[in-house]
Amino acid sequence: MRLFFLFWLLCTTLLSANPLGGGVYVTEPIFNSSVYLQTSGNPKNKAVVLVHGLGDEASSIWEKTVAILEKEYYVLSFDLPGFGHSSKSNELYSPENYAKVIRFLTQTYLKRPFHLVGHSMGGAISLYYTHAYPLDVESLVLVDAAGILHPLAYSNFLTHRKVNHFFEEQGELFQGIQSQKLNRFVDRLSDKINAKMENMETVLHSPALRESVLGGTPASIAAVALVQTSFNTIPQSVMQRTTIIWGKNDEIAPLQTGYVLDKLIPHSTLAIMPEAAHVPMLSHEREFHALLLTHLENRSVAKLPVKMGKDAYTIKVRHVSNQRYSGRIKNLVIYDSQKVVIENAIIENLSLFNAEVEILNSVIENKEAPLRVENSALSIVASDIVGSFKLYNSRLNLAGVKMQSRAKPIVAVTPSRVIYSLSEINEKTHSWQRNFRTIGKDVKKILVISYSQTGQLNKVLTQMMRPLEEQTCYEIVYRTIKPAKAYPFPWDFLTFMGVFPEAVALEPCEIEPFEADENVYDVVILAYQVWFFIALYSYHCFFKIILCQRKTCQYPCYHGDWVSQYVDYGAREGENAS
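Every value quoted in this text rests on a predicted model; they were computed, and no experiment measured them.

Rules of the game
- All residue numbers refer to positions counted from 1 along the written sequence of the respective chain.
- Restriction of local features to residues with pLDDT of at least 70 applies here, the model being predicted, together with a cutoff of 80 or more for giving and counting side-chain atom pairs; totals for whole chains, interfaces and linings are based on all residues.
- Calculated side-chain values reflect all of the structure's heavy atoms, with hydrogen atoms and water omitted.
- A pair of strands is treated as paired once DSSP finds two or more bridges between them.
- Runs of H or I in DSSP of at least four residues are treated as helices and runs of E of at least two as strands, each being numbered from the N terminus.
- Between N-to-C directions, angles cover 0 to 180 degrees, with each direction set by a line fitted to C-alpha atoms, over the stretch in contact for helices.
- Residue contacts are defined here by distance: any two heavy atoms, one from each residue, within 4.5 Å place the two residues in contact.
- Throughout this description, the term nonpolar core refers to a set of buried Ala, Val, Leu, Ile, Met, Phe, Trp, Tyr and Cys residues connected via side-chain atoms within 4.5 Å.
- For each residue, the accessible area found with a 1.4 Å probe, counting protein chains only, is set against the maximum for its type, and the residue is called buried under 20%, exposed over 50%, and partly exposed in between.
- The predictor's confidence in any single residue is recorded as pLDDT, a number from 0 to 100.
- The pairing test for Phe, Tyr and Trp rings, Trp by its six-membered ring, is centres within 6.5 Å, and the orientation test on the planes gives stacked under 30 degrees, edge-to-face over 60, and tilted for anything in between.
- Two limits define a charge over a ring: the Lys NZ or Arg CZ must be within 6 Å of the ring centre, and within 35 degrees of the ring normal.
- By definition here, a salt bridge exists when the distance from a side-chain nitrogen of Lys or Arg to a carboxyl oxygen of Asp or Glu is within 4 Å.

Novice: What's the story with the pairing of strand E2 (residues 33-40) in this structure? I'm lost.
Specialist: Residues in a regular strand project their side chains so that they alternate between the two faces of the sheet. Summarising the sheet, strand E1 (residues 24-28) and E2 pair through five bridges and their orientation is antiparallel. Pairing of Glu28 across the sheet is with Ser33, part of E2. When E2 meets strand E4 (residues 74-78), the two strands line up antiparallel, connected through four bridges. Across the sheet, the residue bridging to Leu37 is Phe78, located in E4.

Written as structure tokens, this is what we have:
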């Protein structure tokens, strides 16, 4: 028996020390899990650390890269916990925790600065690591890094891709579909995705919720944790020499992320592979490895010179698609067009009408008149703006944008939407209109529920909410209660007294159902009038329902001589409602 035990122990030790072609299993202290790790090359050479993305192939994605690098470098690759041959369990697989795991591995096996290369999710983890442990990283390579932009911008990108592919496959049948209807459809889908993500921070930190909501699967947990991580100030802090490699046809991580990172990271170079998609190290090995070696050898990555003509010209087009423009543009006017790209341009004036336009790596400057965007979808990426916007039923996506304005930066004349990712807007001049929605990771959501029989309450509400509407840190949603049986004003004495018994008895009346709303609000404001010294009849049903597990404020509106009689009731009902 003793000999058998010694033989078993010897076999186990050999398998653990040299499994699957030269790797070892290492127990790390963050998740207390077993990590499969491989080292290749001469330990005396400069070190390169490779970080993979989502997918159970894990570090095997780097096999051909390791074979090339190990001749001149000491290469460290591993399966992140939850992937490949490493332990898999129900843990919080976030970029922050993964960075701690990598720090343990590199401090154990390298103990010196290294070149850090990350792909997809691994690119985001590598960016986070460089920010958290800057002295460890000699240089950085980001390959199609995912999850950097605002979650809503990301879900918009993915949804647009899928929907556009569907309609393209249908051929002429859907050629006449209006782009604005399609955009609104995509917005609704994205909103639903974003609403589902609102509570994920709580889910991520609870093992039981991770199991019930995400199935406890590492890939799902890691993906959600990545999206929930804010990179707002991280790229700007990275001082290492950085090469950003991107497949132009990437349908997983949008190319605009590459432009944003290139703009924000001080010492960066963006190399776009025109034929590649999300996994260039496999699909275009030779071109990818040439770029990687150029970076590691500290040689400059070739960049095409930006051509900027001396004379400004005017672009005025209608019914165009898949067109690209650049250079000095005095007037840019686009009607009824889709997939128009403006790149490497200086734009003086901009007017869009029912158009889908993307502006990349450009400068927009117009201090005299606002830039007009009407019934359009405009994305501005890695660009500088001096001036202001006037939006009419439009979508504005700002990513990696620096904006300055002496007036209100963005005015929505009719309801519009702005999504901003890693953007800097002149905070001293921020002022948003009531019908303007701005969406960001740090925005607090406020729900205002009201019913006004005469319209006077709405005027009070407008004055009360104005200070909040003039700040970008709040997103305010207004909802109106509609009784199934309307209460006209003015009303006669009998009608007025007819609601007295039910109102005093706090029996709710029937109201029209609200549209489904899956948002989680930080504050709910209930604005109502007083009938018979109590909350108006149609509001009783709301006092019997917990709207959300957040702070709830009530703003009753009543005549001054009713104050003393109402105070006690208001306090009682406030407890019930919140």
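Continuing now.
Novice: Got a minute to help me understand the sheet that holds E4 in this structure?
Specialist: Pairing is mixed across the open sheet formed by eight strands, whose spatial order is E1-E2-E4-E3-E5-E6-E7-E8. Single-partner strands in this sheet number two, and they are E1 and strand E8 (268-273). The average undirected angle you get between the axes of adjacent strands in this sheet is 25°. Alignment of strand E3 (residues 47-51) against E4, held across four bridges, turns out to be parallel. The residue of E4 that forms the bridge with Leu50 is Ser77. Of the strands in this sheet, strand E6 (137-143), strand E7 (241-247) and E8 touch helix H11 (residues 255-264), which is tilted by about 160° from E8. Sheet strands in contact with helix H13 (residues 285-296) are E3, strand E5 (114-119), E6, E7 and E8, and its direction is about 175° off that of E7.

Novice: Looking at this structure, I do not really get the nonpolar core. What am I missing?
Specialist: One broad rule of soluble globular proteins: the nonpolar side chains tend to lie buried together. Core analysis: the largest hydrophobic core is formed by 64 residues, its most contacted members being Phe78, Leu80, Tyr98, Leu127 and Leu261. When residues in this core are grouped by element, the largest group, six residues, is from helix H4 (residues 121-132). In this structure, Ala345, Ile347, Phe389 and Met403 belong to the second largest nonpolar core, which totals 31 residues.

Novice: When you look at the confidence of the model for the protein in this model, what are you seeing that I'm missing?
Specialist: Detailed reading of predicted coordinates is not advised where the pLDDT is low. The pLDDT averaged across the protein works out to 77; a share of 67% of its residues lies at or above 70. For residues 428-441, every residue scores under 50 in pLDDT, and the model assigns this stretch 61 contacts once sequence neighbours within four places are set aside. pLDDT under 50 marks residues 554-578. Its contacts with residues more than four places away, or in other chains, come to 45 contacts.

Novice: Before we go on, may I ask you to explain unusual backbone geometry in this structure?
Specialist: What is expected of a backbone is that most residues other than glycine have negative phi and most peptide bonds are trans. Positive phi outside glycine occurs at Lys339, with the angle close to 55°. Tracing the sequence through the fold places Lys339 in strand E10 (residues 324-360). Its identity is not glycine, yet Asn375 carries a phi of approximately 50°, on the positive side. As for its placement among the helices and strands, Asn375 is situated in the loop between strand E12 (371-374) and strand E13 (377-381). Residue class for Asn375 comes out partly exposed when judged on its relative accessible area of 27%.

Novice: Is there a simple way to explain the packing of aromatic side chains in this structure?
Specialist: In this description, an aromatic ring pair is defined by two values, namely the gap between the centres and the angle between the planes. What the rule picks out here adds up to seven aromatic pairs. With a centroid separation of 6.3 Å and an interplanar angle of 70°, the aromatic rings of Phe31 and Tyr98 are classed as edge-to-face. Of this pair, Phe31 sits in the loop between E1 and E2 while Tyr98 sits in helix H3 (residues 95-109); the two residues are 67 residues apart in sequence, bridging distant segments of the chain. Assigned by exposure class, Phe31 and Tyr98 land together as buried. Grouping aromatic residues by their ring pairs yields a cluster made of Phe31, Tyr93 and Tyr98. Directly above the aromatic system of Tyr335 lies the positively charged group of Arg318, at a separation of 4.2 Å from the ring centroid.

Novice: How should I be thinking about the pattern of salt bridges in this particular structure?
Specialist: Two side chains carrying opposite charge are able to pair once their charged atoms lie near each other. Counted by the stated rule, this structure contains eleven salt bridges. Arg103 is paired through a salt bridge with Asp136; the nearest N and O atoms lie 2.5 Å apart. With Arg103 in helix H3 and Asp136 in the loop between H4 and E6, this residue pair connects regions lying 33 residues apart in the sequence. Its relative accessible area of 28% is what places Arg103 among the partly exposed residues. In this structure, the salt-bridge partner of Arg299 is Glu297, at a minimum N-O distance of 2.7 Å. The partly exposed category is assigned to Arg299, whose relative accessible area is 45%. Look at Glu297 and you get partly exposed, because its relative accessible area is 42%.

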